[in-house]
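Structural overview for review
Below are the chains, spelled out letter by letter.
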Amino acid sequence: MLQNAAQTYQSNQVTTATPADLTLMLYNGAIKFIKQAKNAIEEQNVAKAHEASLKVQNILYELMSTLNNDYGISKEFFRLYEYMLQRMIEANIRKDLAILNEVEDLFVQFRDTWKEAMLLAKKQG
């Protein structure tokens, strides 16, 4: 019953979120799954590491597909996401913690910058 309540809460959170909130959720999800992949590698659980890495790759595909190409900066974001995707694939193949750390750092920077942008947007109305 508790699990159903948590799933309902998460579903409601996603369906009522703004696009900006959804992007933040994707960044946070990617960071969470990278941590899971790193832990799985340390535990030598290859299957779990692979599963978590695939989730991060799927988040990157989602971020890439939802970019608004009306803005020039979208091309830059696409290139960065594409780079991160390639690094995640490489990390997944090699089970490389250093690459996962690199991608995690990029996601943390994106997330923190995105939070600041959201706060500024709220202040400006």
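Quick caveat, the model's predicted, so the values are computed rather than measured.

Glancing now at the packing of aromatic side chains. On inspection of all chains with the given rule, the structure shows six aromatic pairs. Between Phe77 and Phe110 the ring centres are 5.6 Å apart and the planes differ by 35°, which places this aromatic pair in the tilted class. Of this pair, Phe77 sits in helix α4 (residues 73-94) while Phe110 sits in helix α5 (residues 97-124), placing them 33 residues apart in sequence. The class for Phe110 is buried, based on a relative accessible area of 13%. What links up through ring pairs into an aromatic cluster is the set Tyr27, Phe77, Tyr81, Phe107, Phe110 and Trp114.

Before going further, it helps to spend a moment on the environment of Gln86. Checked against the element boundaries, Gln86 lands in helix α4. Spatially, the C-alpha atoms of Gln86 and Gln57 are 8.9 Å apart, while their sequence positions differ by 29 residues.

By size, the foremost hydrophobic cluster in this structure holds 26 residues, and its most contacted members are Val56, Leu60, Tyr81 and Phe107. Counting only elements with at least two residues in this core, the list comes to α2 (19-42), α3 (46-65), α4 and α5. Ranked by residue count, the leading element in this core is α2, at eight residues. Not counting chain neighbours up to four residues away, the residues in contact with Leu60 comprise Tyr81, Met84, Leu85, Met88 and Phe107.

Here the focus is α3. For α3, built from 20 residues, the straight-helix expectation of 28 Å at 1.5 Å per residue is met to within 8% by its first-to-last C-alpha distance of 28 Å. Within α3 the residues assigned to the buried category are Ala49, Ala52, Ser53, Val56, Gln57, Ile59, Leu60, Leu63 and Met64. In an axial view of α3, the angular spread of the buried residues amounts to 155°, which keeps them on one side of the axis. Residues of α3 that are exposed and angled more than 90 degrees away from the buried face: Ala47 and Ser65. The secondary structure elements touched by the buried residues of α3 are α2, α4 and α5.

Mean pLDDT over the chain works out to 92, with 88% of the residues at or above the 70 mark. Within the chain, no element has a lower average pLDDT than helix α1 (residues 2-15), which sits at 60, and none a higher one than α3, at 98.

Although it is not a glycine, Gln44 adopts a positive phi angle of roughly 60°. For Gln44, a relative accessible area of 69% corresponds to the exposed category. One non-glycine residue, Lys95, adopts positive backbone phi at about 55°. If you trace the backbone, Lys95 turns up in the loop between α4 and α5. Classification of Lys95 by relative accessible area gives partly exposed; the value is 23%.

Okay, α4 next. A rise of 1.5 Å per residue sets the reference length of α4, with its 22 residues, at 32 Å; its end C-alpha atoms lie 32 Å apart and thus fit the reference within 8%. Along α4, the residues that are buried comprise Ser74, Tyr81, Met84, Leu85, Arg87, Met88, Ala91 and Asn92. Following α4 by one or two positions, Lys95 adopts a phi angle in the positive range, close to 55°.

Rules and cut-offs
- Residues numbered from 1 in each chain as written.
- Predicted model: local features only at pLDDT ≥ 70, side-chain atom pairs only at ≥ 80, totals over all residues.
- Heavy atoms only, no water.
- Phe/Tyr/Trp six-rings, centres within 6.5 Å; stacked < 30°, edge-to-face > 60°.
- Helix = DSSP H or I, 4+ residues; strand = E, 2+ residues; numbered from the N terminus.
- Buried < 20%, exposed > 50% of the residue type's maximum accessible area, 1.4 Å probe, protein only.
- Core = buried A, V, L, I, M, F, W, Y, C linked by side-chain atoms within 4.5 Å.
- Contact = heavy atoms within 4.5 Å.
- Expected span 1.5 Å × (residues − 1).
- Arc of directions from axis to C-beta.
- pLDDT = per-residue confidence, 0-100.

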